[in-house]
Amino acid sequence: MDRIYLDHNATTPLDPRVLEAMLPVLRDGFGNPSSLHWFGQRARALVDDAREQVAALVAAGPAEVVFTSSGTEADNTALRGWAGSAGGARRKVVVSAVEHHAVLRTARALAEDGLPVEVVRVTADGLVDLEDLRAKVDDRTALVAVMLANNETGLIQPLPEVVRIARERGALVHCDAVQAAGKVPVDLKSLDVDLLALSAHKLYGPKGVGALCVRRGTRLTALLRGGAQERNRRAGTENVAGIVGLGRAADLAREALAEEAPRLAELRDRLESKLLALAGARRNGEGPRVPNTTNVSFDGVDAEGLLAALDLRGVAVSTGAACAAGAVEPSHVLRAMGLSMERVQASLRFSLGRWTTPEEVDRAAETVEACLAQQRARTRGKAVAHTQAR
Ligand code: PLP
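We now turn to the structure provided with this report. (Residues numbered from 1 in each chain as written. Predicted model: local features only at pLDDT ≥ 70, side-chain atom pairs only at ≥ 80, totals over all residues. Heavy atoms only, no water.)

Evaluated as defined, the whole model comprises one cavity of 30 Å³ or more. Taken as a whole, the largest cavity holds about 110 Å³ of empty space. In terms of lining, the largest cavity is formed by 16 residues, of which the most central are Gly-182, Lys-183, Lys-202, Tyr-204 and Glu-260. A breakdown of the residues in the lining of the largest cavity according to their chemical character gives six nonpolar, six polar and four charged. (1 Å grid on protein atoms, 1.4 Å probe; cavity = no way out; pocket = protein on both sides within 12 Å on 5 of 7 lines; lining within 4 Å. Points joined across faces, edges and corners; volume = space filled by probe spheres on them. Nonpolar A, V, L, I, M, F, W, Y, C, P; charged D, E, K, R; others polar.)

Written out as structure tokens, the structure reads:
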């Protein structure tokens, strides 16, 4: 079966050019970048090159890039690392309700540790409610965390306004750009944020490597303590092959952006218009979006069942629900937008990628139509059986 992968926001396949860059490092570039001999210095040079490549993707300086084990670690470090930068009375952390769990659950842990934490509402469209943000950011606020692009809806948050509000009160800003990098231009300077998180595996790079960009002058307390790697900002021997992969992926993303973004937008719009033409289909989220994502609800349908039916026919999508302790937790993003539980549980995310073709998009839309008809017939059948049983 020719499978169609429309779940690029969960993870992307490794670009073969990234693999090519990583293979020699895995094969014989084993040196420890902290070693003073030839082997070590060769590895150090590879890490330094990758640092420049990542910096170039987000218009940062190479010294501003701290490599981490993931986007999650970058977010955790940002939320816990501001202590050195904020003044004594500043302890409050303000996050948006639609942040990734890497931010939200870290904020919750900070609250459990006794720090004041506030969660900012989003509008029904899915964008941060700026009035609520203004009300919650005050002179005691150390950090405001708002993502650039949402992983479920693809919506691009109003960062310039968020930054303005935070700056008026003297707070630092962390921006999770994991889903934005490579899909829209990301520029640390013009965004004017202090901290910015990236992850390689959303960019056709390998899993288990990310970066936190830390604006010059921002003091950061390391999350992991040990060696002096990453200028004392992240201890632990560097994942050299992974970092080389992230660097190459960043280079490719930067080169491809101008061509890839409009191509994906056209394909996404083509898919979306076919999906929205189906009975009971509605788009979740309104506003500027990254070009590869659409989130659609299908009235009266159980999205998990629909996802399974699509998977059986070779189409991979996502519900946005998270598996927590064996139970499925419905999307906190769609819930935060005020969507009914019924609608949340009838929603699917489609996220396209570098190798998605128009044929795949058309076949995916046809498969959704067929599966919807099947699901609805089954639901009707159950309802009839239920009535007859009564
Ligand atoms: N932030 C966002 C917006 C994400 O979508 C993800 C991954 O889904 C992460 C952070 C976490 O990144 P990683 O998988 O590298 O830990």
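Let's pick the thread back up.
In this structure, the largest pocket spans a volume of roughly 480 Å³. Lining the largest pocket are 26 residues, and of these Asn-9, His-100, Asn-151, Gln-179 and Lys-202 sit closest to its centre. Looking at the lining of the largest pocket, the elements with two or more residues in it are helix 3 (71-81) and helix 4 (101-112). In terms of residue count, the dominant contributor to the lining of the largest pocket is helix 3 (three residues). For the lining of the largest pocket, the class distribution of residues is seven nonpolar, 13 polar and six charged. (Helix = DSSP H or I, 4+ residues; strand = E, 2+ residues; numbered from the N terminus.)

Okay, the nonpolar core next. In this structure, Phe-67, Val-144, Leu-159, Val-186, Val-193, Leu-196 and Leu-198 are the most contacted members of the largest nonpolar core, which totals 63 residues. Element by element, the count of residues in this core is highest for helix 9 (residues 240-276), at nine residues. Here Val-144 is in contact with Val-94, Leu-133, Val-137, Val-162, Ala-166, Ala-171, Leu-172, Val-173 and His-174, once residues within four sequence places are set aside. Ranked by size, the runner-up nonpolar core spans 26 residues in total, among them Val-296, Ala-309, Val-361 and Ala-365. (Core = buried A, V, L, I, M, F, W, Y, C linked by side-chain atoms within 4.5 Å. Buried < 20%, exposed > 50% of the residue type's maximum accessible area, 1.4 Å probe, protein only. Contact = heavy atoms within 4.5 Å.)

Across the two faces of strand 2 (residues 65-68) the burial is the same, with Val-65 and Phe-67 and Val-66 and Thr-68 all buried. Note: strand 2 against strand 8 (residues 210-214), four bridges, orientation antiparallel. Counted as the bridge partner of Phe-67 is Ala-211 from strand 8. (Pairing = 2+ DSSP bridges.)

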